[in-house]
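So you can see what is in the structure, the chains are spelled out below.
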Amino acid sequence: MMQVALIDAGGANLGSVRYALERLGAAVRLVRSAEALHGATRVVLPGVGAAGEGMRRLRAQGLVAPLRALQVPLLGICLGMQLLYEASEEGDVEGLGLLQGRVRKMAGGPGLRVPQMGWNTLQRLRESPLLDGIGDGDHAYFVHGYAAPVTDDCIASCEHGARHAALVQRGRVAGAQFHPERSAQVGARLLSNFLQWNPT
């Protein structure tokens, strides 16, 4: 059984992410300290809220250095994905630095509200095992006012005023800006792919 460490970085989605992983057969334990990461074969960093508070919680729990040194696959979700980057404009916060780039406030546009809240279309940009069974044009559920840039690490993007990263992957590090636990079959497939993923 896959041993998943689910990090408590704040946010109301913690329980729903845990349930979504358990439905796929994973053994999930809630993590609030570096010691609790031991033995995990997968690590998930979810989060809802502000980047500054999310990083403050990670520092208080002594998790920043262990996350930077992880040797198992890591998936950041929503705010958790944004914390993977070098920095965020939201409070001018330094992130984990596992992905290059800076998270910036979304500009929106005519008829587009920020934060983005609701379903949006995924555009596949390159192949990745994390995208197995997820098609170009499939829909996922987003709730966010800040977004990561489309770089070489981006495997799927989304457009809301401007194009931004929806799914990213670099080595063992991956991130989903959307909420897989609220994205029906697409979300379940992403989590299943992550549990089966064996990056080199």
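Heads up: the structure comes first, above all this text.
Reference entry: report on the structure contained in this document. (Residues numbered from 1 in each chain as written. Predicted model: local features only at pLDDT ≥ 70, side-chain atom pairs only at ≥ 80, totals over all residues. Heavy atoms only, no water.)

**A closer look at the sheet that holds strand β13 (residues 162-170)**
Here is step 1: One open sheet holds the eight strands; their spatial order is β2-β1-β3-β4-β14-β13-β12-β9, and the pairing between them is mixed. Strands with a single pairing partner mark the edges of an open sheet, and in this sheet they are β2 (27-31) and β9 (123-124).
Here is step 2: Here β13 pairs with strand β14 (residues 173-176) via four bridges, running antiparallel. Looking at the pairing, Leu-167 lines up with Ala-176 of β14.
Here is step 3: Helix α5 (residues 184-196) rests against β1 (3-7), β3 (42-45), β4 (74-77), β13 and β14 of the sheet, and its axis sits at about 145 degrees to β3. (Pairing = 2+ DSSP bridges. Helix = DSSP H or I, 4+ residues; strand = E, 2+ residues; numbered from the N terminus. Contact = heavy atoms within 4.5 Å. Axes fitted to C-alpha atoms, helices over the stretch in contact; angles between N-to-C directions.)

**Quick look at the pattern of salt bridges**
Here is step 1: Within the structure shown, the criterion is met by ten salt bridges.
Here is step 2: In this structure, the salt-bridge partner of Arg-18 is Glu-22, at a minimum N-O distance of 3.2 Å. With Arg-18 and Glu-22 both in helix α1 (residues 14-23), this residue pair falls four residues apart, about one helical turn.
Here is step 3: Residues participating in the shared-partner salt-bridge network are Asp-8, Arg-32 and Arg-57. (Salt bridge = Lys/Arg side-chain N within 4 Å of Asp/Glu carboxyl O.)

**Remarks on the sheet that holds strand β5 (residues 85-88)**
Here is step 1: Sheet architecture is open: four strands sit in the order β6-β5-β7-β11, paired in mixed fashion. Every other strand in the sheet has two partners, leaving β6 (93-94) and β11 (146-147) as the edge strands with one partner each.
Here is step 2: Bridge analysis of β5 against strand β7 (residues 99-105) gives three bridges, and the strand direction is parallel. Its bridge partner lying in β7, Tyr-85 is registered against Leu-99.

**Some points on the environment of Val-4**
Here is step 1: In this fold, Val-4 is placed in strand β1.
Here is step 2: The sequence separation of Val-4 and Glu-22 amounts to 18 residues, and the corresponding C-alpha distance is 9.4 Å.
Here is step 3: Val-4 has contacts with Leu-21, Ala-26, Ala-27, Val-28, Arg-29, Arg-42, Val-44 and Leu-195, leaving out every residue within four places of it along the chain.

**Digging into the state of the cysteines**
Here is step 1: Evaluation of the coordinates by the stated rule reveals zero disulfides.
Here is step 2: Here Cys-154 stays free of any disulfide, with the sulfur of Cys-158 as its closest cysteine sulfur at 10.0 Å. (Disulfide = S-S within 2.5 Å.)

**Considerations on unusual backbone geometry**
Here is step 1: A cis amide bond links Val-114 with the next residue in sequence, Pro-115, at an omega value of 10 degrees.
Here is step 2: Checked against the element boundaries, Pro-115 lands in the loop between β7 and β8 (116-121).
Here is step 3: Phi is positive for Cys-78, which is not a glycine, with a value near 55 degrees.
Here is step 4: You can call Cys-78 buried: its relative accessible area is 5%.
Here is step 5: A positive phi is found at Asp-92, a non-glycine position, where the angle reads about 50 degrees.
Here is step 6: Here Asp-92 shows up in the loop between β5 and β6. (Buried < 20%, exposed > 50% of the residue type's maximum accessible area, 1.4 Å probe, protein only.)

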